[in-house]
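Tertiary structure, described
Here's the letter readout for the chains.
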Amino acid sequence: MHQRELSLAFGGFDVAVIGAGAAGMMAAAVAGQRGLRVVLIEHAARLAEKIRISGGGRCNFTNIGTGPANFLSQNPDFCRSALAAYTPRDFIDLVEKHGIAWHEKHRGQLFCDNSSEEIIAMLKRECDLGRVAWRMPCAVQGVARHEDGYLLQTSQGAVAARQLVLATGGMAIPQLGATDFALGIARQFGLKVVEPRPALVPLVFDAQAWEPFGSLSGVALEVEIQAQAEDGRPAGTPARRSGKGKRNTVFLEDLLFTHRGLSGPAVLQVSSYWNPGEPIRVDLAPGQNLEQSLLDAKSGNRQQLATVLAGLWPKRLAEQWLANAATAGGMDIGTQRLADVPDKTLRELAANIHHWTLVPSGTAGYKKAEVMRGGVDTRGINQKTMEARNAPGLYFIGEALDVTGWLGGYNFQWAWASGAACGRALSAA
Ligand code: FDA
């Protein structure tokens, strides 16, 4: 690029934000309202698609119980500072300032009464208040460091800014324009990347292994579920010294049988902790003592076991479970009268239901995932400002970072909090 073009370009902006999603719009609005000259660059033709489709179209925009324990990361304390500096209450205040009606649905999860479009419009208005300039749709072809800042080659010409914010999110739902752009830029500038993987995603099984359960597609029930490595520590988290900072990775949520495997909130939650080759453990009758219930009901009971079990469990599941046990070489106990089934058999049946252990063959992949686990290694990032330690003026926010929230509004709260932390830290000329 010629010197004149370069200086013209650098005459432009204090900040260029790439990615006009949840975190990017928050950072741009906060910085713009502080008087910084901000340009927001988005390659998609429609704004904030993930906000639009989130929460079944009503955007589960935060969780009032948000805390560091609701996030996975190789650096679990990293998120602490930003989450404390921008809380769910802060976002609720913003939502209320814009007159958006909301309600709590389930375990602290807050949703719009009407539509997620209201959250997008709110963030757009906040950007307008900060006089944010837009380049959209606009593809970024290259990023280079310059002594005065960063120079971007884009489909709308050169854009230069003293500071650059990467807010391009994770790779979930590539069909909506998700990319690994931030990870490429991180590597370009010498930052490490924690291996990215689909998370909050259905788990799938080999066709043969799943055949006995395929007919259960559509059956849903509450379960207690966990992914646990063989040494007893939760899968996917670094080994920890005794007790301190122990993470709760047992979830009590609904599970859904599908044609290919398991889904539903319980499975999405545990998928973020699951590593290939490891088992997941499911209690299919949490809070019940099936052994006791069956033994108590046994004396003189002329009903078939399948009928009794169907009174304690979803009927389709009870029938199929007993049929599978028979197919696997056991007795066809489902048709036996409960009184005739040996105690030992009832105990084994109850134990199998309370301790169902199975090894998924994989996940349903980024196409079906809600988020990406892993991302830019936060050990190279300042936790208060989101600035890269080794590249002054380069910031990473939102899902692109190795901070992955549970299902239930936590990922948006991270996007708002990291975006706000960055927006407050960016400097004017
Ligand atoms: P986000 O994905 O929001 O934004 C990134 C932006 O960068 C996008 O606009 C993208 O087009 C753009 N971009 C990507 N590459 C680019 C490039 N090379 N150049 C320019 N622009 C580029 N979370 C939650 O808390 N509650 C919920 O209800 C839901 N529901 C939900 C449903 C579904 C179906 C999905 C897939 C995800 C959710 N999530 C969620 C997760 C949540 O949507 C997600 O964690 C946040 O949107 C992440 O915010 P970011 O700003 O980091 O990325």
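**Concerning the environment of Glu-126**
- Along the chain, Glu-126 turns up in helix H6 (residues 117–129).
- Judged by relative accessible area, Glu-126 falls into the buried class, the value being 6%.
- For the pair Glu-126 and His-98, spaced 28 residues apart in the sequence, the C-alpha separation amounts to 9.7 Å.
- In contact with Glu-126, not counting residues within four places along its chain, are Ala-29, Gln-33, Leu-94, Lys-97 and His-98.
- For Glu-126, the side chain forms a polar contact with the side chain of Gln-33, separated by 2.8 Å.

**Side note on helix H2 (residues 22–33)**
- Taking 1.5 Å per residue as the helical rise, H2 with its 12 residues ought to reach 16 Å, and the 17 Å between its terminal C-alpha atoms agrees with that figure.
- In terms of burial, H2 is largely enclosed, as 11 of its 12 residues are buried.
- By the burial criterion, the buried members of H2 are Ala-22, Ala-23, Gly-24, Met-25, Met-26, Ala-27, Ala-28, Ala-29, Val-30, Ala-31 and Gly-32.
- At the C-terminal side of H2, Gly-35 shows a positive phi close to 95 degrees.

**As for unusual backbone geometry**
- Omega for the peptide link from Met-136 to Pro-137 comes to -5 degrees, which places this bond in the cis form.
- If you check the backbone angles, Cys-59 has positive phi at about 50 degrees while not being a glycine.
- Within the secondary structure, Cys-59 is located in the loop between helix H3 (49–53) and strand E3 (60–63).
- Positive phi values are uncommon outside glycine, yet Leu-200 reaches one of about 45 degrees.
- Structurally, Leu-200 is set in the loop between strand E11 (193–199) and strand E12 (203–204).
- On the accessibility criterion, Leu-200 (1% relative accessible area) is buried.

**Some remarks on the domain arrangement of the chain**
- Under the domain assignment, the chain is made up of domain 1 (3–196 + 370–425) and domain 2 (203–363).
- Computed from C-alpha coordinates alone, the two centres of domain 1 and domain 2 are separated by 39 Å.
- Domain 1 puts 12 residues into the contact, and the matching count from domain 2 is 17 residues.
- In total, about 1,200 Å² of surface goes out of reach between domain 1 and domain 2, with carbon and sulfur atoms giving 44% of it.
- Inspection of the domain 1/domain 2 interface yields 1 salt bridge.
- Across the pair Arg-107 and Glu-253 runs a salt bridge whose closest N-O atoms are separated by 3.6 Å.
- Here the side of domain 1 that touches domain 2 is built from residues that sort into 7 nonpolar, 3 polar and 2 charged.

**Quick notes on the packing of helix H10 (residues 290–298) against helix H11 (residues 305–312)**
- Orientation of H10 relative to H11, taken along the N-to-C sense of each, is 130 degrees, at an axis distance of 11 Å. Taken together, the axes of H10 and H11 lie oblique to each other. In terms of crossing hand, the pair formed by H10 and H11 is right-handed. Taken together, the residues of H11 that come into contact with H10 (itself represented by Leu-290, Ser-293 and Leu-294) are Leu-305, Val-308 and Leu-312.
- Taken together, the residues of the contact of H10 with H11 sort by class into 5 nonpolar, 1 polar and no charged.

**Some remarks on the side chain of His-98**
- Within the secondary structure, His-98 sits in the loop between helix H5 (88–97) and strand E5 (102–106).
- Its relative accessible area of 17% is what places His-98 among the buried residues.
- In this structure the side chain of His-98 is engaged in a polar contact, spanning 3.0 Å, whose partner is the side chain of Arg-125.
- Discounting residues that sit within four places of it in the chain, His-98 has contacts with Met-122, Arg-125 and Glu-126.

**Focus: the packing of H11 against helix H12 (residues 315–327)**
- Following both chains from N to C, one finds H11 and H12 inclined at 140 degrees, their axes separated by 8 Å at the closest point. Comparing their axes, H12 and H11 come out oblique. H12 is crossed by H11, and the crossing has right-handed handedness. Listed contacts from H12 to Leu-305, Ala-306, Leu-309 and Ala-310 of H11 are Lys-315, Ala-318 and Leu-322.

**Overview of the nonpolar core**
- Ile-119, Phe-257, Met-386, Phe-396 and Trp-416 are the most contacted members of the largest nonpolar core, which totals 131 residues.
- For this core, the two domains that each supply at least three residues are domain 1 (3–196 + 370–425) and domain 2 (203–363).
- Leave out the neighbours within four places in its chain, and Trp-416 touches Ala-22, Met-26, Ile-51, Phe-61, Tyr-86, Phe-91, Ile-119 and Leu-123.
- In this structure, Ala-172, Val-204, Ala-364 and Ala-369 belong to the second largest nonpolar core, which totals 6 residues.

Thresholds applied
- Residues numbered from 1 in each chain as written.
- Predicted model: local features only at pLDDT ≥ 70, side-chain atom pairs only at ≥ 80, totals over all residues.
- Heavy atoms only, no water.
- Helix = DSSP H or I, 4+ residues; strand = E, 2+ residues; numbered from the N terminus.
- Buried < 20%, exposed > 50% of the residue type's maximum accessible area, 1.4 Å probe, protein only.
- Contact = heavy atoms within 4.5 Å.
- Polar contact = N/O pair within 3.5 Å; in protein donor to acceptor, adjacent residues only side chain to side chain.
- Expected span 1.5 Å × (residues − 1).
- Domains from an automatic or database assignment.
- Buried area = accessible area lost by both parts, 1.4 Å probe.
- Salt bridge = Lys/Arg side-chain N within 4 Å of Asp/Glu carboxyl O.
- Nonpolar A, V, L, I, M, F, W, Y, C, P; charged D, E, K, R; others polar.
- Axes fitted to C-alpha atoms, helices over the stretch in contact; angles between N-to-C directions.
- Parallel < 35°, antiparallel > 145°, perpendicular 65-115°, else oblique.
- Left-handed = near helix turned anticlockwise from the far one by under 90°.
- Core = buried A, V, L, I, M, F, W, Y, C linked by side-chain atoms within 4.5 Å.

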